[in-house]
Amino acid sequence: MLDQEKKRLEVFASRNGLWIDDIDLSQYISEGAEQRVFLKDSDHVIKLNDGVCSPERMFCFSLTQCSI
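Description of the structure in this document. Just so you know, these numbers come straight off a predicted model, no measurement behind them. (Residues numbered from 1 in each chain as written. Predicted model: local features only at pLDDT ≥ 70, side-chain atom pairs only at ≥ 80, totals over all residues. Heavy atoms only, no water.)

On to the overall build of the protein, then. Each helix and strand in the protein was counted, giving 1 helix and 4 strands. Starting at the N terminus and ending at the C terminus, the protein contains elements arranged as α-β-β-β-β. Evaluated residue by residue, the protein yields a buried proportion of 18% over its 68 residues. Taking all contacts inside the protein whose residues are at least 6 apart in sequence as the whole, residues at least 24 apart take part in 24%. Split by element, the accessible area of the protein, about 5200 Å² in all, is 52% carbon and sulfur. (Helix = DSSP H or I, 4+ residues; strand = E, 2+ residues; numbered from the N terminus. Buried < 20%, exposed > 50% of the residue type's maximum accessible area, 1.4 Å probe, protein only. Contact = heavy atoms within 4.5 Å. Areas by Shrake-Rupley, 256 points an atom, 1.4 Å probe, with all protein chains shown as cover.)

What follows is the structure, encoded as structure tokens:
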């Protein structure tokens with residue numbers, strides 16, 4: 001089931017231009033239970049949520065760019 005969910009999410013992200021592929025791993029700030037936060041620039045962060053997928057959830061993880 002997880003492989004199917006992963007594939008559906010990858011297709012959705014590709015079709016909608018949602019991949020963020022310029023994360024500078026050296027700009028790591030912090031992490032929580034299921035997320036890691038990276039500095040994007042002086043005004044933004046990128047939050048990588050890599051939690052475990054569940055069949056009831058359409059999206060397993062999100063890559064979100066936020067203003068700080």
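Don't stop here, the text continues.
Before going further, it helps to examine helix 1 (residues 2-15). The periodicity of an α-helix, 3.6 residues per turn, causes residues three or four places apart in sequence to face the same way. Over its 14 residues, helix 1 runs 20 Å from end to end, which matches the ideal 20 Å to within 8%, given 1.5 Å per residue. Buried residues of helix 1: Glu5, Leu9 and Ala13, and no others. The buried side chains of helix 1 occupy one side of the element, clustering within an arc of 65° when seen end-on. Turned more than 90 degrees away from the buried face of helix 1, the exposed residues are Asp3, Gln4, Lys7, Arg8 and Arg15. Of the residues flanking the end of helix 1, it is Gly17, one or two places downstream, whose phi is positive at about 60°. (Expected span 1.5 Å × (residues − 1). Arc of directions from axis to C-beta.)

Let us look at the packing of aromatic side chains. Inspection of every chain in the model, using the stated rule, returns 1 aromatic pair. Ring geometry for Tyr28 versus Phe38: centroids 6.0 Å apart, planes at 70°, classification edge-to-face. With a gap of 10 residues between them, Tyr28 in strand 1 (residues 28-31) and Phe38 in strand 2 (residues 35-39) connect regions that are remote in the sequence. Relative accessible area serves as the criterion here: at 39%, Tyr28 is assigned to the partly exposed category. (Phe/Tyr/Trp six-rings, centres within 6.5 Å; stacked < 30°, edge-to-face > 60°.)

Note: strand 2 against strand 3 (residues 44-49), 5 bridges, orientation antiparallel. Paired with Val37 across the two strands is Lys47, which belongs to strand 3. (Pairing = 2+ DSSP bridges.)

Counted according to the given criterion, the structure contains 1 salt bridge. The closest approach of N and O atoms between Lys40 and Asp22, which form a salt bridge, is 2.6 Å. You can see Lys40 sitting in the loop between strand 2 and strand 3 and its partner Asp22 sitting in the loop between helix 1 and strand 1, a full 18 residues away along the chain. On the accessibility criterion, Asp22 (46% relative accessible area) is partly exposed. (Salt bridge = Lys/Arg side-chain N within 4 Å of Asp/Glu carboxyl O.)

Shape is all these values report; function is a separate question.
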